[in-house]
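Listed below are the residues making up each chain.
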Amino acid sequence: MQMPDILLYLGVLAAALFGTLAIRYYAHRKELLDHPNERSSHVTPTPKGGGLAIMVAFYAALSVLYFQDQLESRLFFAL
(Lines give C-alpha, C1' and ligand atoms only; values in the text may rest on other atoms or scores of the structure.)
Protein backbone atom coordinates (compact mmCIF):
# COMPACT_ATOMS: atom_id res chain seq x y z
CA MET A 1 0.00 0.00 0.00
CA GLN A 2 1.42 3.33 -1.05
CA MET A 3 1.22 6.70 0.69
CA PRO A 4 -1.31 8.27 -1.75
CA ASP A 5 -3.65 5.33 -1.12
CA ILE A 6 -3.42 5.79 2.62
CA LEU A 7 -4.09 9.52 2.25
CA LEU A 8 -7.15 8.78 0.13
CA TYR A 9 -8.48 6.34 2.72
CA LEU A 10 -7.87 8.77 5.56
CA GLY A 11 -9.52 11.56 3.57
CA VAL A 12 -12.60 9.43 2.94
CA LEU A 13 -12.74 8.49 6.62
CA ALA A 14 -12.43 12.14 7.69
CA ALA A 15 -15.05 13.29 5.16
CA ALA A 16 -17.51 10.62 6.28
CA LEU A 17 -16.90 11.36 9.96
CA PHE A 18 -17.15 15.13 9.78
CA GLY A 19 -20.00 14.99 7.28
CA THR A 20 -21.98 12.70 9.56
CA LEU A 21 -21.32 14.96 12.55
CA ALA A 22 -22.43 18.01 10.54
CA ILE A 23 -25.63 16.31 9.37
CA ARG A 24 -26.33 15.12 12.91
CA TYR A 25 -25.90 18.65 14.26
CA TYR A 26 -28.14 20.06 11.51
CA ALA A 27 -30.79 17.39 12.12
CA HIS A 28 -30.94 18.22 15.83
CA ARG A 29 -31.22 21.97 15.13
CA LYS A 30 -33.98 21.59 12.52
CA GLU A 31 -35.85 18.81 14.35
CA LEU A 32 -35.21 16.26 11.59
CA LEU A 33 -35.54 13.38 13.98
CA ASP A 34 -37.07 9.95 13.75
CA HIS A 35 -39.30 9.65 16.80
CA PRO A 36 -39.74 6.13 18.17
CA ASN A 37 -43.05 4.31 17.93
CA GLU A 38 -44.20 0.82 18.89
CA ARG A 39 -42.29 -0.76 15.96
CA SER A 40 -39.02 1.15 16.46
CA SER A 41 -35.81 -0.43 17.65
CA HIS A 42 -34.69 2.78 19.40
CA VAL A 43 -36.15 4.52 22.44
CA THR A 44 -34.85 8.07 21.94
CA PRO A 45 -35.33 10.39 18.94
CA THR A 46 -32.66 9.61 16.35
CA PRO A 47 -31.35 12.03 13.68
CA LYS A 48 -32.14 11.16 10.05
CA GLY A 49 -29.74 11.33 7.10
CA GLY A 50 -26.36 10.38 8.59
CA GLY A 51 -25.77 7.88 5.81
CA LEU A 52 -25.79 10.70 3.28
CA ALA A 53 -22.29 11.82 4.31
CA ILE A 54 -20.98 8.27 4.00
CA MET A 55 -22.39 7.92 0.48
CA VAL A 56 -20.94 11.28 -0.61
CA ALA A 57 -17.50 10.28 0.70
CA PHE A 58 -17.77 6.88 -0.99
CA TYR A 59 -18.68 8.32 -4.39
CA ALA A 60 -16.00 10.99 -4.10
CA ALA A 61 -13.41 8.27 -3.48
CA LEU A 62 -14.73 6.26 -6.43
CA SER A 63 -14.39 9.33 -8.63
CA VAL A 64 -10.80 9.93 -7.52
CA LEU A 65 -9.89 6.31 -8.19
CA TYR A 66 -11.58 6.40 -11.59
CA PHE A 67 -9.88 9.58 -12.75
CA GLN A 68 -6.50 8.24 -11.58
CA ASP A 69 -7.10 5.15 -13.75
CA GLN A 70 -7.07 2.84 -10.73
CA LEU A 71 -10.67 1.75 -11.27
CA GLU A 72 -12.06 0.15 -14.39
CA SER A 73 -14.86 2.12 -16.06
CA ARG A 74 -17.30 -0.81 -15.99
CA LEU A 75 -16.88 -1.16 -12.23
CA PHE A 76 -17.10 2.60 -11.70
CA PHE A 77 -20.41 2.88 -13.55
CA ALA A 78 -21.75 -0.31 -11.93
CA LEU A 79 -21.14 1.10 -8.47
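This is a predicted model, so every value here is computed, not measured.

Cut-offs applied
- Residues numbered from 1 in each chain as written.
- Predicted model: local features only at pLDDT ≥ 70, side-chain atom pairs only at ≥ 80, totals over all residues.
- Heavy atoms only, no water.
- Helix = DSSP H or I, 4+ residues; strand = E, 2+ residues; numbered from the N terminus.
- Buried < 20%, exposed > 50% of the residue type's maximum accessible area, 1.4 Å probe, protein only.
- Contact = heavy atoms within 4.5 Å.
- Areas by Shrake-Rupley, 256 points an atom, 1.4 Å probe, with all protein chains shown as cover.
- Lys, Arg positive; Asp, Glu negative; His and termini not counted.
- Charge placed at Lys NZ, Arg CZ, Asp CG, Glu CD.
- Expected span 1.5 Å × (residues − 1).
- Patch = residues over 30% accessible without salt bridge, like charges linked within 9 Å, V, L, I, M, F, W, Y side chains within 5 Å.
- Salt bridge = Lys/Arg side-chain N within 4 Å of Asp/Glu carboxyl O.
- pLDDT = per-residue confidence, 0-100.
- Phe/Tyr/Trp six-rings, centres within 6.5 Å; stacked < 30°, edge-to-face > 60°.
- Core = buried A, V, L, I, M, F, W, Y, C linked by side-chain atoms within 4.5 Å.

(A) Looking closely at the overall build of the protein. When its secondary structure is counted, the protein shows 3 helices and 2 strands. Starting at the N terminus and walking to the C terminus, you meet the elements of the protein as α-β-β-α-α. With respect to the three principal axes, the spread of C-alpha positions in the protein is 50 × 25 × 20 Å. Looking at the protein as a whole, 15% of its 79 residues are labelled buried. Pairs at least 24 apart in sequence give 36% of the contacts found in the protein among residues at least 6 apart. Just so you have it, the protein exposes about 6400 Å², and 64% of that area is on carbon and sulfur atoms. Counting 6 positive and 6 negative side-chain charges, the protein places the centres of these two groups 11 Å from one another.

(B) Spotlight on helix α2 (residues 51–67). With 17 residues, α2 should reach 24 Å at 1.5 Å per residue; the first-to-last C-alpha distance of 24 Å fits that figure. Considered for burial, the residues of α2 that qualify are Ala53, Ala57, Ala61, Leu62 and Leu65. Next to the buried residues of α2 lie α1 (3–29) and α3 (73–78). Phi turns positive one or two residues past the end of α2, at Asp69, with a value near 60 degrees.

(C) Examining a nonpolar patch on the surface more closely. A cluster of nonpolar side chains, namely Met3, Ile6, Leu7, Leu10 and Leu13, defines an oily patch on the protein surface of about 500 Å² accessible area. Within the element layout of this structure, Leu10 appears in helix α1.

(D) Representation of the confidence of the model for the protein in the model. Averaged over every residue, the pLDDT of the protein is 89; residues scoring 70 or more account for 99%. The element-level mean pLDDT for the protein is lowest in strand β2 (residues 46–47), coming to 84, with α3 highest at 94.

(E) Layout of α1. Taking 1.5 Å of rise per residue, 27 residues should cover 39 Å, and α1 covers 39 Å from first to last C-alpha, within 8% of that figure. On its buried face, α1 sits against β1 (33–34), β2 and α2. Backbone geometry just after α1 places Glu31 at a positive phi near 60 degrees.

(F) Region of the structure containing the packing of aromatic side chains. Enumeration according to the criterion identifies 5 aromatic pairs in this entry. Taking the centre distance of 5.2 Å and the plane angle of 70 degrees together, the rings of Phe58 and Tyr59 count as edge-to-face. Every member of this aromatic cluster is reached through a ring pair, and the members are Tyr66, Phe67, Phe76 and Phe77.

(G) Examining the nonpolar core more closely. Leu8, Ala61, Leu62, Leu65, Leu71 and Phe76 form the largest nonpolar core, which has 6 residues in total. Per-element accounting of this core gives the leading share, 3 residues, to α2. Setting aside anything within four residues of it in sequence, one finds Phe76 in contact with Leu62, Ser63, Tyr66 and Leu71.

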